[in-house]
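Architecture and fold: a report
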Amino acid sequence: MSKRSKVVALSGALIIATTSLGGVLASSHREAPLIANDPSADNTDLYAFLNPSDPTKLTIIANYVPLEEPAGGPNFVPFDPTVRDEITVDHNGDGKAAVNYRVKVKTQTQAANGFGIPTFLYNDGPVTSPNDANLLVKQTYGVERNGVALTSTSGAALRTPPVNVGPRSTPNYAATAAQAVSTLTDGTKVFAGQRDDAFFVDLGSIFDLAGLRPFNTLHDIALPAARGVDGVGGFNTNSIAIDVPLNQLTKDHAQPTGPNDPDAVLGIWATASRQQTRVLNPDGTMSFMGPWVQVSRLGNPLINEVIIPRVKKDYWNGQSPAGDSQFVQYYKAPELTAV
């Protein structure tokens, strides 16, 4: 096996050989008609790679909410507390969940500042921690593994960092955001918060009749990523990152010994779900009820955008990788996506 991760595009799950040194990624921004109108529930990127500092651990990053304008105050773009985000791992190739991490966020909003004055602001002074008194909108979250709640080793609530408002509101932002990394009692590290969108894609050129901006110099040819314009550059996304010991994910709970080890291959996908019924109340609030329904998912890159036809895209988002054989005709003959 080469030193790059093996990616097998056979289903909606991203398949990673965990003994490799590289990483794999998937991206999917606004890929289906319904989810394009529901950005808070749109999972946009999925990354999985061995922790460079500790290859006995796997780092998984699931991004949600595409094309966030960083300066979009006063509300900015928090995690949506009415959405249930999940990262799922399959360790035997059946496309079904073996290990599932579920993240649910809660929002606490102060209607008035510290002086009791009603305010529209996100903060009313410099913010230097996720629990700063000057932060008027705070978010906490819970993490469940296979339905069992996980807690931090410190016993403190899991908090998202404040958004990077600017140098006066969030000075030394890197140090403030780092305080939002938590270690759970099972050894997993977690982070949930706003981050720069690390993906590179020339959205304007690709969706202008699939055009690609030309190489301008030999330098561009040597560095293909320099080609075109980064359509997501300068935008943020909401990231959920977990760094988990591999032996908590493998079938035999053992550390893989090599590429031919049955424990060496994992399937990974991310999803978002909403409750089935939403009610708009006369007082301006919303109520949610009914069973949870999956509205977005992401595994292998570009499957829904490129392979699945428009009339099936929202349906595909609600399915499990275990049932992806129903879409095999589109994998075999991509031209059918025009149907």
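Please refer to the structure higher up on the page.
Now for a look at the structure at hand. Keep in mind it's a predicted model, so treat the numbers as computed, not measured. Every chain begins its residue count from 1, and numbering advances along the sequence as written. Residues qualify for local features only when their pLDDT is at least 70, as the model is predicted, and side-chain atom pairs are given and counted only at 80 or more; totals for whole chains, interfaces and linings, by contrast, use all residues. With hydrogens and water stripped out, all remaining heavy atoms of the structure feed into the side-chain values.

Some remarks on the side chain of T250
A run of DSSP states H or I qualifies as a helix once it reaches four residues; a run of E qualifies as a strand once it reaches two. Both are numbered from the N-terminal end. Tracing the backbone shows T250 in the loop between β12 (236-245) and β13 (265-280). Excluding residues within four positions of it along the chain, T250 makes contact with H91, P256, D263 and L266. Two residues qualify as a contact provided that any one of their heavy atoms is within 4.5 Å of a heavy atom in the partner residue.

Describing the pattern of salt bridges
Where charged atoms from two side chains of opposite charge approach closely, those side chains can pair. We count a salt bridge whenever a side-chain nitrogen from Lys or Arg sits within 4 Å of a carboxyl oxygen from Asp or Glu. A complete count under the given rule lists five salt bridges for this structure. Linking R274 and D38 is a salt bridge whose minimum nitrogen-to-oxygen distance equals 2.8 Å. Pair noted here: R274 is in strand β13 and D38 is in the loop between α1 (33-36) and β3 (43-51), with a separation of 236 residues, a long-range link. In this scheme, a residue with accessible area under 20% of its type's maximum is buried, one over 50% is exposed, and one in between is partly exposed, where area comes from a 1.4 Å probe on protein chains only. R274 gets classed as buried once you look at its relative accessible area, which sits at 15%. Accessibility expressed as a relative area gives 19% for D38, which makes it buried. The closest approach of N and O atoms between D80 and R274, which form a salt bridge, is 2.8 Å. On the criterion of sequence distance, the pair formed by D80 in the loop between β4 (54-68) and β5 (83-90) and R274 in strand β13 is long-range, its members being 194 residues apart. On the accessibility criterion, D80 (18% relative accessible area) is buried.

Re the nonpolar core
Remark: nonpolar core denotes a set of buried residues (Ala, Val, Leu, Ile, Met, Phe, Trp, Tyr, Cys) joined through side-chain atoms within 4.5 Å. By size, the foremost hydrophobic cluster in this structure holds 36 residues, and its most contacted members are I60 and Y101. Of all the secondary-structure elements, those providing two or more residues to this core are β3, β4, β5, β6 (99-109), β7 (137-145), β11 (189-196), β12 and β13. Excluding residues that lie within four positions of it along the chain, I60 makes contacts with L46, Y47, A48, I87, V89, I240, A241, I242 and I268. Counting residues in each nonpolar core, the second largest holds seven residues, with I303, W316, F327 and Y331 among its members.

Notes on empty space enclosed by the protein
To find leftover empty space, a probe the size of one water molecule is rolled over the atoms. Residues are said to line a cavity or pocket when one of their atoms sits within 4 Å of a point; the points come from a 1 Å grid over protein atoms alone, cavities being sets where a 1.4 Å probe fits but cannot get out and pockets being open sets with protein on both sides within 12 Å along at least five of seven lines. Grid points are joined across faces, edges and corners, and a volume is the space filled by probe spheres set on the points. Considering all chains together, one arrives at one cavity of 30 Å³ or more under this definition. Within this model, the largest cavity holds a volume of roughly 160 Å³. Forming the walls of the largest cavity are 18 residues, and the residues nearest its centre are Y122, Q139, T160, P161 and V163. Counting residues per element, the ones that place at least two in the lining of the largest cavity are β7 and β11. At three residues, the largest contribution of residues to the lining of the largest cavity is made by β7. Along the lines of polarity and charge, the residues of the lining of the largest cavity split into 11 nonpolar, six polar and one charged. Each residue gets one label: Ala, Val, Leu, Ile, Met, Phe, Trp, Tyr, Cys and Pro are nonpolar, Asp, Glu, Lys and Arg are charged, and the others, such as Gly, are polar.

A few points about the environment of V265
Looking at the secondary structure, you find V265 in strand β13. With 174 residues separating them along the chain, V265 and H91 place their C-alpha atoms 6.8 Å apart.

A word on helix α6 (residues 310-317)
Among all positions of α6, only K313, W316 and N317 are buried. The buried side chains of α6 occupy one side of the element, clustering within an arc of 90° when seen end-on. Along its buried surface, α6 packs onto α1, β14 (286-298), α5 (303-307) and α7 (328-332). In this description, the arc belongs to the directions extending from the helix axis to the C-beta atoms.

Remarks on the pairing of β5
Counting buried positions along β5 gives eight out of eight residues, so the element sits mostly inside the fold. Pairing between two strands is assigned when DSSP locates at least 2 bridges connecting them. Sheet topology places β5 next to β13; eight bridges connect them, and they run antiparallel. What sits directly across from D85, in β13, is A272. Inspection of the sheet shows β5 paired to β6 by six bridges, in the antiparallel sense. Looking at the pairing, E86 lines up with R102 of β6.

As for the packing of aromatic side chains
Pairing of aromatic side chains here covers Phe, Tyr and the six-membered ring of Trp, requires ring centres within 6.5 Å, and sorts the geometry by plane angle: under 30 degrees stacked, over 60 edge-to-face, intermediate tilted. For the structure shown, the criterion picks out two aromatic pairs. Centre to centre, the rings of F76 and Y122 are 5.1 Å apart; their planes meet at 65°, and the pair counts as edge-to-face. Residue F76 is located in the loop between β4 and β5, and its partner Y122 is located in the loop between β6 and β7; the two are separated by 46 residues in the primary sequence. As far as burial versus exposure is concerned, F76 and Y122 are alike and both buried. In this scheme, Lys NZ or Arg CZ marks a charge over a ring once it lies within 6 Å of the ring centre and within 35 degrees of the ring normal. Sitting above the plane of the W316 ring, R297 keeps its charged end 3.6 Å from the centroid. Cation over ring: K312 sits above Y315, and NZ or CZ is 5.6 Å from the ring centre.

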